[in-house]
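# A closer look at the structure
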Amino acid sequence: MKKRTFLKLSSALITGSFFSPLVTMSQEEKIKNWAGNLEFSSTNLQQAKTVDEVQQFVAQHNKFKTLGTKHCFNNIADSKNGFLSLTEFANKIDIDRTAMKVTVDGGLRYGKVAEYINNEGFALHNLASLPHISVAGSCATATHGSGAKNGNLSSAVAAMEIVKADGKIINLSREKNGEEFLAAVVNLGALGVVTKVTLDVQPTYQVRQDVYENLSFEHLKEHFDAIMSAGYSVSLFTDWQNKNCSEVWIKNKVEKGFNFQARQEFFGATAATKNVHPIIALGAENCTEQMGVPGSWHERLPHFKMGFTPSSGKELQAEYFVPREHSYEAIMAVEKLHEKITPHLFITEIRTINGDNLWMSPCYKQPSTAIHFTWKQEWDAVKKLLPMIEEQLAPFNAKPHWGKLFTMKPSILKSRYSKLKEFQQLMREYDPQRKFSNEFLERNIYES
């Protein structure tokens with residue numbers, strides 16, 4: 001018989017009114033995203049505590065967006081009409097030990113899920129750099145970690161519970177729903193309110209993290225695949241100065257009975273002698289443990305600890321995916337702009353992600369390399385730089401991260417998703433009145 005394990009993180013299910021404002025806000029008290037670069041267009045924010053409440057809210061409202069942990073940097077989650085929050089709804093984790101699955105409320109953060117299932121002896125295949133992001137929101141935007149053989153976070157989704165525009169629940173699974181399921185996982189918030197997500201799990205494992213400093217771009221030309229496959233998860237960090245990666249973070253699984261010996265030299269880079277931050281000038285106290293010290297997967301795969309503020313301060317983020325085979329050429333195309341980029345940049349991270357079959361994933365049927373930019377909050381300069389970067393990456397048919405900043409023309413963006421027409425049809429079926437649409441979706445996804 002299956003043994004199921006439940007976690008309740010709050011008593012909100014049995015207390016409080018049917019609907020209550022998350023915050024009573026005046027026009028002066030705007031809702032902002034995590035980085036503070038975006039003010040949302042409405043201060044009307046309400047929260048649901050049960051699936052029934054979500055259904056009734058959806059049925060009673062003509063236009064709104066679900067608002068998660070607000071880690072997106074663009075207006076993909078914005079609404080002029082109001083928001084529904086599931087933060088008080090996020091309270092339950094259900095482990096199916098026989099099927100090796102975990103079902104979680106969509107609003108839960110990865111850090112909470114990871115800590116709990118690890119204590120029960122289970123693990124996820126990967127985590128993003130930040131554990132602070134919600135499961136439903138991360139999967140909806142194809143957020144990812146790193147690893148040449150690791151798919152993005154959405155690739156672990158096995159089933160979903162969605163409240164559609166008519167207030168009715170639909171359950172989709174990888175086993176039963178085929179292409180419709182593959183269309184719905186990276187849903188961009190366009191299909192409904194995701195109330196539950198089922199993820200594949202595996203037995204818990206330990207990871208060690210080793211960091212190397214000063215890897216020349218010259219080594220990427222001949223050895224990119226070897227470098228990015230040197231660990232379970234590998235990240236390169238560069239500020240685009242001196243054709244050099246200032247840091248290489250290599251995360252390896254710790255296998256029982258195997259005496260792992262870290263290299264002192266890695267393609268010309270030297271082993272770090274202390275914990276470091278991706279931004280060299282900052283202290284590493286908020287970063288996950290390095291120096292080869294083994295630890296649980298959920299305390300090593302992210303770059304930053306769950307209990308600390310990970311950012312260097314207010315920042316902007318942009319990211320572009322290119323086919324793996326063009327990695328070096330794409331990196332060097334961006335490098336041509338180094339004099340313009342560096343003054344406005346905190347750091348760039350380069351990661352690899354395996355391909356998947358999810359319709360609206362940037363990695364659809366394409367192993368990819370992601371070039372990520374963490375910018376200083378200097379939007380006037382950044383908005384001029386992004387078109388230049390996009391032009392440099394155009395020969396590689398680069399795709400932007402759905403939740404980050406980009407200036408790509410909608411016609412170009414749409415041309416790079418082979419399943420877009422089918423996804424548009426599914427949006428019409430799930431949401432014929434465009435209840436879940438907004439300016440972002442109208443511009444970038446819906447037909448003109």
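Look up a bit, the structure's there.
Owing to the predicted nature of the structure, the values given are computational and were not obtained by experimental measurement. (Residues numbered from 1 in each chain as written. Predicted model: local features only at pLDDT ≥ 70, side-chain atom pairs only at ≥ 80, totals over all residues. Heavy atoms only, no water.)

In this section: the pattern of salt bridges. Overall, the coordinates contain 13 salt bridges when judged by the stated rule. The salt bridge partner of Arg97 is Glu120, with a shortest N-O separation of 2.5 Å. Pair noted here: Arg97 is in the loop between strand S6 (93–96) and strand S7 (101–105) and Glu120 is in the loop between helix H2 (110–119) and strand S8 (122–123), with a separation of 23 residues, a long-range link. In this structure Arg97 comes out as partly exposed when scored by relative accessible area, which is 25%. Across the pair Lys101 and Asp200 runs a salt bridge, and its minimum N-O distance is 2.5 Å. Here Lys101 is found in strand S7, whereas its partner Asp200 is found in strand S11 (residues 193–200), with 99 residues between them in sequence. When its relative accessible area of 22% is taken as the criterion, Asp200 is described as partly exposed. (Salt bridge = Lys/Arg side-chain N within 4 Å of Asp/Glu carboxyl O. Helix = DSSP H or I, 4+ residues; strand = E, 2+ residues; numbered from the N terminus. Buried < 20%, exposed > 50% of the residue type's maximum accessible area, 1.4 Å probe, protein only.)

Next up on the list: helix H6 (residues 327–335). Among the nine residues in H6, eight count as buried, and that is most of the element. Of all the residues in H6, the buried ones are Ser327, Tyr328, Ala330, Ile331, Met332, Ala333, Val334 and Glu335. In this fold, the buried residues of H6 make contact with helix H5 (217–228), strand S19 (315–323), helix H7 (338–341), strand S20 (345–353), strand S21 (368–376) and helix H8 (379–393). (Contact = heavy atoms within 4.5 Å.)

Of note, Ser327 is situated in helix H6. Of the polar contacts made by the side chain of Ser327, one reaches the backbone oxygen of Arg324; its length is 2.6 Å. The residues contacting Ser327, other than those within four sequence positions of it, are Phe224 and Thr369. (Polar contact = N/O pair within 3.5 Å; in protein donor to acceptor, adjacent residues only side chain to side chain.)

As a further point, take H5. Over its twelve residues, H5 runs only 13 Å from end to end, short of the ideal 16 Å by more than 12%, given 1.5 Å per residue. For H5, every residue scored as buried is listed here: Phe217, Leu220, Phe224, Ile227 and Met228. For H5, the angular spread of the buried residues around the axis is 105°, confining them to a single face. H5 presents Lys221, Glu222 and Asp225 as exposed residues on the side facing more than 90 degrees away from its buried surface. A distance of 3.1 Å separates the backbone nitrogen of Glu218 from a side-chain oxygen at the start of H5, and that oxygen is part of Ser216. (Expected span 1.5 Å × (residues − 1). Arc of directions from axis to C-beta.)

What is shown is where atoms sit, not what they do.
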